[in-house]
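What follows is the residue order along each chain.
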There are 2 protein chains.
Amino acid sequence: MSQVLIKNGKVIVGLNAQVESVDLLVKDKIIVEIRPNIDATSLKKQDKNLTIIDASDKLVSPGFIQTHLHLCQTLFRGSADDLELLDWLRLRVWPMEAAHNPASLAASAQLSVAELIKSGTTSALTMETVHHTETVLETVERTGFRATIGKCMMDKGHGVPARLSENTTDSLNASLDLLKSWHSNSGRVRCCFAPRFAISCTQGLLETISKIAQENNILIHTHASENRREIEVVESETGLRNVEYLQKVGLAGKNIALAHCVHVNEREQQILAETGTHVLHCPSSNLKLGSGIAPITEMLERGVSVSIGADGAPCNNNLDIFKEMRLSALLQKMRYGSTALPAKKAFYLATLAGAKALGLEKEIGSIEVGKHADIIIVNLNNLHCTPTPDLLSTLVYSANASDVETVIIDGQVVMHNRELKTMDEKEIIATARKEYYQLVSRAGI
Amino acid sequence: MSQVLIKNGKVIVGLNAQVESVDLLVKDKIIVEIRPNIDATSLKKQDKNLTIIDASDKLVSPGFIQTHLHLCQTLFRGSADDLELLDWLRLRVWPMEAAHNPASLAASAQLSVAELIKSGTTSALTMETVHHTETVLETVERTGFRATIGKCMMDKGHGVPARLSENTTDSLNASLDLLKSWHSNSGRVRCCFAPRFAISCTQGLLETISKIAQENNILIHTHASENRREIEVVESETGLRNVEYLQKVGLAGKNIALAHCVHVNEREQQILAETGTHVLHCPSSNLKLGSGIAPITEMLERGVSVSIGADGAPCNNNLDIFKEMRLSALLQKMRYGSTALPAKKAFYLATLAGAKALGLEKEIGSIEVGKHADIIIVNLNNLHCTPTPDLLSTLVYSANASDVETVIIDGQVVMHNRELKTMDEKEIIATARKEYYQLVSRAGI
């Protein structure tokens with residue numbers, strides 16, 4: 001049995017994110033008690049290994065959840081800045097994905113998870129590349145991070161490097177093999193289907209995935225309606241708007257997560273709302289690649305499930321939920337005035353809404369008795385968070401990634417006082433730099 | 001004589017921001033040598049007090065320059081989040097400005113400068129409140145920071161608290177008194193005129209200021225065309241577009257700095273370009289208050305001088321140039337595609353362009369022999385900046401405020417290894433919190 005007691009913090013408690021002065025007791029992986037003045041002395045007598053964390057003057061928050069990341073791309077950070085979208089994809093991201101080997105993928109995944117934990121993200125939904133996804137799964141498993149990870153599926157498309165092109169059967173079998181080993185609804189690291197996007201998958205593949213996923217309660221994670229060119233291609237190939245087409249082939253529903261949805265018309269928004277399909281909002285990426293601003297306010301008003309992700313490092317360039325959460329709010333305010341998407345709602349998108357997209361809202365996303373202990377401790381007692389009239393608002397608008405001091409995932413302390421406990425930060429950086437140079441050389445960039 | 005030698009860094013040198021492996025020697029306030037392998041040992045023999053800073057594996061950059069800040073408002077951080085624009089101003093910012101006394105203003109200014117230095121800003125153009133601006137000037141002078149500071153002038157307007165309303169003569173005399181004591185074209189802390197905006201100043205006041213400013217080479221810092229309601233009021237009162245009206249009363253020219261310019265039509269942009277009037281772009285603030293996105297790409301194409309500022313903490317909520325520089329680039333990419341406003345241009349807006357707005361491009365804004373030593377050292381050897389294919393691009397898109405390790409202003413080391421040298425960080429935070437509570441109580445909020 002492992003126990004962690006968090007004392008004297010201001011804790012963001014429950015579904016309504018109320019800030020309360022309470023202590024938290026975590027037993028094994030689960031939050032078992034939330035109340036003022038939990039007695040540390042008597043607990044320590046029963047359990048000499050009890051970890052006590054003093055959170056005086058600090059904010060204790062549910063860990064953030066990002067629902068659209070590409071861990072495999074973190075090694076490409078800065079490699080595609082200021083390029084045209086097609087050059088971005090065809091000259092950099094695809095050749096670099098094609099050049100990945102297990103060592104470079106492990107380096108990229110480690111670098112990603114270390115950055116995510118240091119910036120307060122405890123859970124993620126990710127899309128990897130076509131090959132070696134087992135390496136990403138194994139690497140993430142070792143870090144203590146919580147993730148649902150998909151092998152990228154691409155059985156169609158122009159300009160795709162040969163190494164990334166699959167036939168339909170191989171693509172499906174490779175995904176099914178991973179799912180057999182890694183899909184478990186109770187596991188910390190799980191597997192999902194990750195077809196790249198409508199343009200790069202045959203209709204047959206998408207329909208088959210949809211059927212298997214529904215029967216086996218598996219998540220499908222894909223991109224949709226990120227940019228205008230993409231929706232034009234889908235429309236010319238299928239005669240349908242992108243989201244309509246996805247619905248037709250079975251990719252609409254509570255187990256479907258669509259990254260971006262920047263260009264979705266009212267009918268498509270209605271489909272997303274009615275089917276419970278999840279939208280994964282990536283504000284920095286949508287700006288940096290010139291895609292646009294997703295109609296988040298409209299989708300939320302219709303009842304669409306919206307959560308947040310940083311997307312890949314080549315189009316962000318960070319994996320920092322604080323930047324994405326603040327920007328999500330600011331962009332909607334620009335569109336609809338200063339009261340749009342207030343702090344509490346932005347916080348919700350970055351926590352519980354992410355848990356819902358993952359189908360894990362009963363397990364994570366808020367601090368409640370019985371939930372898994374995915375918890376961060378944030379120190380707001382610094383210059384840029386002073387004064388602090390409202391803790392939640394300060395967390396959303398003022399705080400930075402570097403204010404996160406302690407991170408607990410599934411009851412395990414994975415960072416304390418900004419020191420990673422399951423990874424060696426210096427070694428991760430050195431390995432990433434080494435693997436980056438080798439990958440660039442293999443990719444011929 | 002005081003000397004600082006910065007060894008082994010990657011230095012962003014000159015007007016074209018070339019990254020070079022060179023050492024830098026600073027003598028008193030001035031950069032006197034830029035070349036590889038400056039010999040520390042022989043220098044140390046001649047000057048036992050020589051400060052040697054090892055910048056191995058680090059990026060040495062000109063300090064950032066922000067051209068629109070309100071130091072007096074930093075104490076209002078978080079006090080007006082998610083409010084309607086008019087409530088933001090009338091229920092919070094104006095009553096809080098009216099409630100300022102010298103102690104709360106000094107606390108706010110200290111808090112601001114400490115945050116600015118810790119995030120790599122070495123120079124600023126600021127607008128303070130109506131009263132006690134001498135306190136801000138004195139406080140900033142003591143910190144070692146470089147700033148051009150203006151007393152806010154308001155001799156007109158509806159809904160202004162009595163404490164902030166002035167008659168024209170008093171407003172002018174108060175500004176002239178400050179200028180007499182503080183305006184010096186060679187001083188580190190200087191004074192400027194700061195009429196709030198067209199709506200809150202009489203035409204007579206603006207014309208008088210314009211005349212005095214031109215004759216005495218004084219900067220005028222004001223707000224213009226931030227939101228649609230403001231330009232409607234100017235248009236209904238004067239029959240002119242805001243920038244046309246400002247030009248008519250003498251507020252267009254190389255000594256005029258206009259914050260925001262979100263809603264400026266082509267004719268107004270042409271006036272700004274032809275007269276050399278400076279535009280101070282505040283992207284976070286313009287989003288958070290629902291103002292819009294300034295047409296930066298269009299203005300730059302016309303040759304308008306554009307630089308960057310964080311505006312006040314109640315509408316940002318940080319004073320962090322890294323957030324503003326990155327967002328400036330990302331917003332224009334959203335408008336014009338992924339190649340718009342590339343990293344090097346964003347860096348220019350945050351450095352040399354700011355120096356130009358201040359009329360100090362011969363003194364600061366780049367690292368060159370003969371310029372004042374306003375220099376920062378940034379450590380990019382961390383997770384979120386790895387890998388680092390291009391140092392300048394990494395600085396703009398990946399780096400965070402917390403990566404700034406050392407800050408030198410006018411040859412003085414004001415921060416080293418993230419420790420402030422001219423201020424006591426803990427005391428500043430404690431004082432700010434105390435003064436905030438007293439100010440809120442005085443303001444009756």
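Residues numbered from 1 in each chain as written. Chains lettered and ligands numbered in written order. Predicted model: local features only at pLDDT ≥ 70, side-chain atom pairs only at ≥ 80, totals over all residues.

### A short note on the overall build of chain A
For the record, the criterion: Counting from the N terminus, the helices are the DSSP runs of H or I reaching at least four residues and the strands are the DSSP runs of E reaching at least two. Based on C-alpha atoms, the radius of gyration is set beside the globule rule, defined as 2.2 Å times the residue count to the power 0.38. In this scheme every C-beta is placed from the backbone, and a residue whose C-beta has 20 or more other C-beta atoms within 10 Å is buried, one with 12 or fewer is exposed, and one in between is partly exposed.
Scanning chain A from terminus to terminus reveals 16 helices and 17 strands. In terms of C-alpha radius of gyration, chain A reaches 21 Å, essentially the compact-globule figure of 22 Å for 445 residues. Dimensions of chain A, computed from the C-alpha atoms along their principal axes, are close to 65 × 45 × 45 Å. Looking at chain A residue by residue over its 445 residues, the buried ones come to 61%.

### Some details on the domain arrangement of chain A
By a frequent convention, interface size equals the accessible area lost on bringing the separate parts together. Residue and element names in this part refer to chain A. For clarity, the threshold we go by: Boundary definitions for the domains trace back to an automatic or database domain assignment. Placing C-beta atoms from the backbone, we regard two residues as in contact once those atoms come within 7 Å. Gly falls in the polar group here, along with every residue not listed as nonpolar (Ala, Val, Leu, Ile, Met, Phe, Trp, Tyr, Cys, Pro) or charged (Asp, Glu, Lys, Arg).
Examined at the domain level, chain A breaks down into domain 1 (3-62 + 365-420) and domain 2 (65-357). Taking only C-alpha atoms into account, the centre of domain 1 sits 29 Å from that of domain 2. Across the boundary between the two partners, domain 1 contributes 25 residues, which contact 26 residues of domain 2. Residue assignment for the side of domain 1 that touches domain 2 shows that the elements contributing at least two residues are β14 (375-378), α15 (391-397), β15 (404-409) and β16 (412-416). Ranked by the residues each element gives to the side of domain 1 that touches domain 2, the list is headed by α15, at five residues. Partitioning the side of domain 1 that touches domain 2 into residue classes produces 17 nonpolar, five polar and three charged.

### Some points on the interface of chain A and chain B
Between chain A and chain B, the contact holds 55 residues from the first and 55 residues from the second. Contributions of two or more residues to the side of chain A that touches chain B are made by α2 (85-99), α3 (102-118), α10 (283-288), α12 (321-336), α15 and α16 (425-443) of chain A. Residues of the side of chain A that touches chain B, tallied by class, amount to 24 nonpolar, 19 polar and twelve charged.

### Observations regarding α3(A)
The periodicity of an α-helix, 3.6 residues per turn, causes residues three or four places apart in sequence to face the same way. Residues and elements named next belong to chain A. Cut-off, in case you're wondering: Working rule for helices: expected span equals 1.5 Å times residues minus one.
With 17 residues, α3 ought to run about 24 Å at 1.5 Å a step, and its terminal C-alpha atoms sit 24 Å apart, in line with that. In terms of burial, α3 is a largely internal element, 15 of the 17 residues being buried. In the stretch just after α3, G120 is the one whose phi turns positive, near 90 degrees.

### Focus on the packing of α3(A) against α16(A)
Residue and element names in this part refer to chain A. Counted only if it meets this: Structural elements are reduced to axes, namely lines fitted to C-alpha atoms, with helices fitted over the stretch in contact, and the angle between N-to-C directions of any two is expressed from 0 to 180 degrees. Geometric relationships in this document are graded by angle, where less than 35 degrees denotes roughly parallel, more than 145 denotes roughly antiparallel, 65 to 115 denotes roughly perpendicular, and other angles denote oblique. For any pair of crossing helices, the crossing counts as left-handed if the nearer helix is rotated counterclockwise from the farther one by less than a right angle, and right-handed if it is rotated clockwise.
The interhelical angle for the contact between α3 and α16, taken along N-to-C directions, is 140 degrees, at an axis separation of 9 Å. The angle between the axes of α3 and α16 places the two elements in the oblique class. Regarding α3 and α16, the two cross each other, and that crossing is left-handed. Judged by residue contacts, A103, S104, A107, Q110, L111 and A114 of α3 engage E425, I428, T431, A432, E435, Q438 and L439 from α16. Taken together, the residues of the contact of α3 with α16 sort by class into seven nonpolar, four polar and two charged.

### Considerations on the relation of the copies chain A and chain B
What counts is decided by this rule: We superpose the copies by least squares over the C-alpha atoms of residues that have a pLDDT of at least 70 in both of them.
Superposing chain A onto chain B requires a rotation of 180 degrees together with a translation of 0.0 Å along the rotation axis, leaving an RMSD of 0.0 Å. Both chain copies can therefore be described as sitting about a two-fold axis. Across chain A, the rotation axis passes nearest the C-alpha of A:S402, at a separation of 3.4 Å. Taken as a fraction of all interface residues of chain A, those also at the interface in chain B reach 100%, which identifies the copy contact as same-surface.

### Things to note about the environment of A:P102
All names here are of chain A. Among the structural elements, P102 can be located in helix α3. P102 sits 33 residues away from T135 along the chain, and the two C-alpha atoms are 6.0 Å apart. If sequence neighbours within four positions are ignored, P102 has contacts with H132 and T135.

### Some remarks on helix α5 (residues 168-182) of chain A
Residues and elements named next belong to chain A. Worth spelling out the cut-off: It is the directions from the helix axis to the C-beta atoms whose arc is reported.
Under the 1.5 Å per step criterion, the end-to-end length of α5 is 21 Å for 15 residues, consistent within 8% with the ideal 21 Å. Burial in α5 covers these residues: S171, S175, L178 and L179. The buried residues of α5 occupy one face: seen down the axis, they fall within an arc of 100 degrees. Exposed side chains of α5 directed beyond 90 degrees from the buried face belong to T169, N173, K180 and S181. Taken together, the buried residues of α5 touch α4 (133-143), β8 (146-153), β9 (189-195) and α6 (203-216).

### Considering the environment of A:F193
Residues and elements named next belong to chain A. Residue position: F193 is located in strand β9. You can call F193 buried: it has 29 C-beta atoms within 10 Å. Expressed as a C-alpha distance, the spacing of F193 and G292, which sit 99 residues apart in the sequence, is 27 Å. Residues contacting F193, with those up to four places away along its chain left out, are G150, M153, S175, I209, A213, I218 and I220.

### A closer look at the pairing of strand β16 (residues 412-416) of chain B
Residues and elements named next belong to chain B. Note the cut-off: The rule for pairing is simple: two strands pair if DSSP sees at least two bridges between them.
Pairing of strand β15 (residues 404-409) with β16 involves three bridges; the strand directions are antiparallel. Bridge pairing links I409 to Q412 in β16. The hairpin formed by β15 and β16 contains two residues between the paired strands, and D410 there has a positive phi angle of roughly 55 degrees. Bridge analysis of β16 against strand β17 (residues 419-420) gives two bridges, and the strand direction is antiparallel. Across the sheet, residue M415 finds its bridge partner in β17, namely L420. A loop of two residues connects β16 with β17, the two strands running antiparallel in sequence, and N417 in this loop sits at a positive phi of about 50 degrees.

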